[in-house]
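Inside the fold
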Amino acid sequence: MGILDGKTAIVTGAVGSIGRACAEGLIAEGATVVVSDLDAAAIEKAAEEIGAARAIACDVRDDAPMAAFVEGAVEIGGGLDIAVANAGVVNVAPVVENSLEDWRSVTSVNLDGVFVTLKHAALAMVASGGGSIVAISSITGKAGYPFAASYAAAKAGVISLCRTAALELREPGVRVNAVCPGFIETPMVGANKDRFAELSGLDLDELLEQAQGGYGKPADVAGLVTFLASERASLCSGGTYTVDNGLTASLL
């Protein structure tokens, strides 16, 4: 038996490495998982590969698609118990070189998308007696990070949103937490390493070997998400949980 037997969960951004790992972790513990991403063909393929109950293409930035996504999960499971707000993008550039369009292209997904996911998931959970919402933030939401201003600002906003939502939703039994990964081995990180090196003069691989002991794995994040989703974390709400092998604990 799994610790999530009988639970129904949603995961956004489930085509990406962390989202997919989170979905796999929830499924492994017995949850019925409905996954979403913007790319319909890609999320259908991912859902089939990992054994998700259903895939629904969804733009997390918009109310109507997210409402439909949540309703689809409720129809399958008879309610909603777990939501993982994971969808995210990044733009690596000096802050003064960001246009307003650049800024909004990141914050609309990374912050607005978490808000929309959280809102609709919370409404469904309140209606079915409670649940657990886990939003994927980042260590960049806890400290400055050069050349990722929009990403870091949005992730800081996610932490604050989770704290406020946890207070508002405590009475109806909905727990809300933020998980802050360090540098995880994902295509998004890999695609931006060269640009970071160009702007900073630093080799990210070498830097992380010293500061974090190398890259983390998506499963490292998923393990914590699965715990927070379960009743084993029944008193955990409003928290910010770091997965970075001590990177942010050190001054050197």
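Heads up: the structure comes first, above all this text.
Not measured: the values here are computed from a predicted model.

Here we come to the packing of aromatic side chains. Counting across every chain of the model gives 2 aromatic pairs. Between Tyr145 and Phe183 the ring centres are 5.7 Å apart and the planes differ by 55°, which places this aromatic pair in the tilted class. You can see Tyr145 sitting in the loop between β5 (131–136) and α5 (149–169) and its partner Phe183 sitting in the loop between β6 (174–181) and α6 (187–200), a full 38 residues away along the chain. By relative accessible area, Tyr145 is classed as partly exposed at 24%. On the accessibility criterion, Phe183 (13% relative accessible area) is buried.

With that settled, consider unusual backbone geometry. Residues apart from glycine generally show negative phi values, whereas peptide bonds are mostly found in trans. Phi at Phe147 is positive, roughly 75°, even though this residue is not glycine. Mapped onto the elements, Phe147 comes out in the loop between β5 and α5. Residue classification places Phe147 among the partly exposed positions, given a relative accessible area of 22%.

This part covers the side chain of Thr8. Here Thr8 is to be found in strand β1 (residues 8–11). Assessed through its relative accessible area of 2%, Thr8 is described here as buried. Leave out the neighbours within four places in its chain, and Thr8 touches Thr32, Ala73, Gly77, Gly79, Leu80, Asp81 and Ile82.

This next bit is on the pattern of salt bridges. With the rule as written, the count across this model stands at 8 salt bridges. One salt bridge connects Arg20 with Glu49, and the closest N-O pair in it is separated by 2.8 Å. Within this pair, whereas Arg20 is found in helix α1 (residues 17–28), its partner Glu49 is found in helix α2 (residues 40–50), the two being separated by 29 residues in sequence. The residue Asp205 makes a salt bridge to Lys193 at a minimum N-O spacing of 3.1 Å. Taken together, the positions of Asp205 in helix α7 (residues 204–211) and Lys193 in helix α6 put the pair 12 residues apart, joining distant regions of the chain.

Definitions and limits used
- Counting restarts for each chain: residues are numbered from 1 in the order of the written sequence.
- Only residues with pLDDT of at least 70 are given local features in this predicted model, and only at 80 or more are side-chain atom pairs given and counted; all residues enter the totals for whole chains, interfaces and linings.
- Side-chain figures throughout are based on the complete set of non-hydrogen atoms in the structure, without hydrogens or water.
- Aromatic rings from Phe, Tyr and Trp, taking only the six-membered ring of Trp, are treated as a pair when their centres fall within 6.5 Å; an angle between ring planes under 30 degrees marks them as stacked, one over 60 as edge-to-face, and anything in between as tilted.
- Strands are runs of DSSP state E lasting at least 2 residues, helices are runs of H or I lasting at least 4, and numbering of each runs from the N terminus.
- Accessibility here uses a 1.4 Å probe with only protein chains present; expressed as a share of the type maximum, an area under 20% marks a residue as buried, one over 50% as exposed, and anything in between as partly exposed.
- Should any heavy atoms of two residues lie within 4.5 Å, those residues are counted as being in contact.
- What makes a salt bridge here is a side-chain nitrogen of Lys or Arg within 4 Å of a carboxyl oxygen of Asp or Glu, nothing more.

Remember, this is a structural readout, not a statement about activity or role.
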